[in-house]
Amino acid sequence: RGLHAMALGDSGTRPIFAPRRATAPARSKYSEHVEPSRLLTVLVTASASPLNPSTAILRELILSLTHLQLPQGNLVLLSHDGPRLKRDAHAHNASAPYSWPLLAKSMAAQEFPSKYLQYLGDVQRLIPEFEACTHLTIRLLQRATNGHLAGNLAFALAYVRTPYMLKVEHDHLFTHQLDMIA
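I will try to describe carefully the structure that is included in this document.

Here is what the cut-offs are and how they apply
- Residues numbered from 1 in each chain as written.
- Predicted model: local features only at pLDDT ≥ 70, side-chain atom pairs only at ≥ 80, totals over all residues.
- Heavy atoms only, no water.
- Buried < 20%, exposed > 50% of the residue type's maximum accessible area, 1.4 Å probe, protein only.
- Helix = DSSP H or I, 4+ residues; strand = E, 2+ residues; numbered from the N terminus.
- Arc of directions from axis to C-beta.
- Pairing = 2+ DSSP bridges.
- Salt bridge = Lys/Arg side-chain N within 4 Å of Asp/Glu carboxyl O.
- Phe/Tyr/Trp six-rings, centres within 6.5 Å; stacked < 30°, edge-to-face > 60°.

Further remarks concern helix H4 (residues 148-157). Listing the buried residues of H4 in full gives Gly151, Asn152, Phe155 and Ala156. Looking down the long axis of H4, one finds its buried residues gathered within 130° of arc, a one-sided arrangement. Exposed side chains of H4 directed beyond 90 degrees from the buried face belong to Ala150 and Ala154.

Okay, structure coming up:
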């Protein structure tokens, strides 16, 4: 079976961007004239946990990203792993753009835990608030199947378009100032 995955956009009415091709250009070809917000993608990995639907930990992490002194508009990907599902629960069109209500309905039909769906909906609704507080561009990615950390990371890496990437766990906070772009 192939990997089934989906990405959620900010409004859900249009795809954010498609995964990059396997033949992406070499990363060493970037010049020093690249816009600072296009140098680094922050990749936050998370998965279903007993703490869902609380967004408190993720909220603290997002706010702690201000310690990194990232440029305005810098991309942050919140990549959430899929929960463990029954073997036959993976039949859906993973390439179609989803609106949150359609995705929630589709996932519920596939027996996604209701608390996890509630958590993902809460995260999606909080993104405008997160962006206003941090001045970063934040996108929610949702893997349709459980891939554990390695699968979730491989899924999210397909959406990274910058020469550098910072991988962060959803429950590890930044506490000191650090200029990531300097």
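This part covers the pairing of strand S3 (residues 75-80). Summarising burial for S3: 6 of the 6 residues are buried, a large majority. Side-chain alternation along S3 places Leu75, Leu77 and Ser79 on one buried face and Val76, Leu78 and His80 on a second face that is also buried. Pairing analysis gives 5 bridges linking strand S2 (residues 40-46) to S3, with the strands arranged parallel. Bridging from a neighbouring strand, Val44 pairs with Leu78 of S3.

We now examine the pattern of salt bridges. One pass over the full model with this rule turns up 6 salt bridges. With a closest N to O distance of 3.4 Å, Asp81 and Arg143 form a salt bridge. With Asp81 in the loop between S3 and helix H2 (100-109) and Arg143 in strand S4 (residues 137-143), the pair connects residues that are 62 residues apart, well separated along the chain. Arg143 shares its class with Asp81; the two are buried. When the shortest N-O distance is used, the salt bridge between Asp122 and Arg125 registers 2.6 Å. Of this pair, Asp122 and Arg125 are both found in helix H3 (residues 114-134), 3 residues apart, which corresponds to roughly one turn of the helix.

With respect to the element layout, Leu78 can be found in strand S3. Residue Leu78 is classed as buried on the basis of its relative accessible area, which comes to 0%. In sequence terms Leu78 and Leu43 are 35 residues apart; their C-alpha atoms lie 6.3 Å from each other.

In total, this model carries 2 aromatic pairs according to the counting rule given. When the ring of Tyr116 is compared with that of Tyr119, the centres are 6.1 Å apart and the planes differ by 10°; the resulting orientation is stacked. On the criterion of helical spacing, the pair formed by Tyr116 and Tyr119 is a turn pair, its members being 3 residues apart in helix H3. Look at Tyr116 and you get buried, because its relative accessible area is 2%. Ring plane angle 70° and centroid distance 5.5 Å describe the contact between Phe155 and Tyr159, whose orientation is recorded as edge-to-face.

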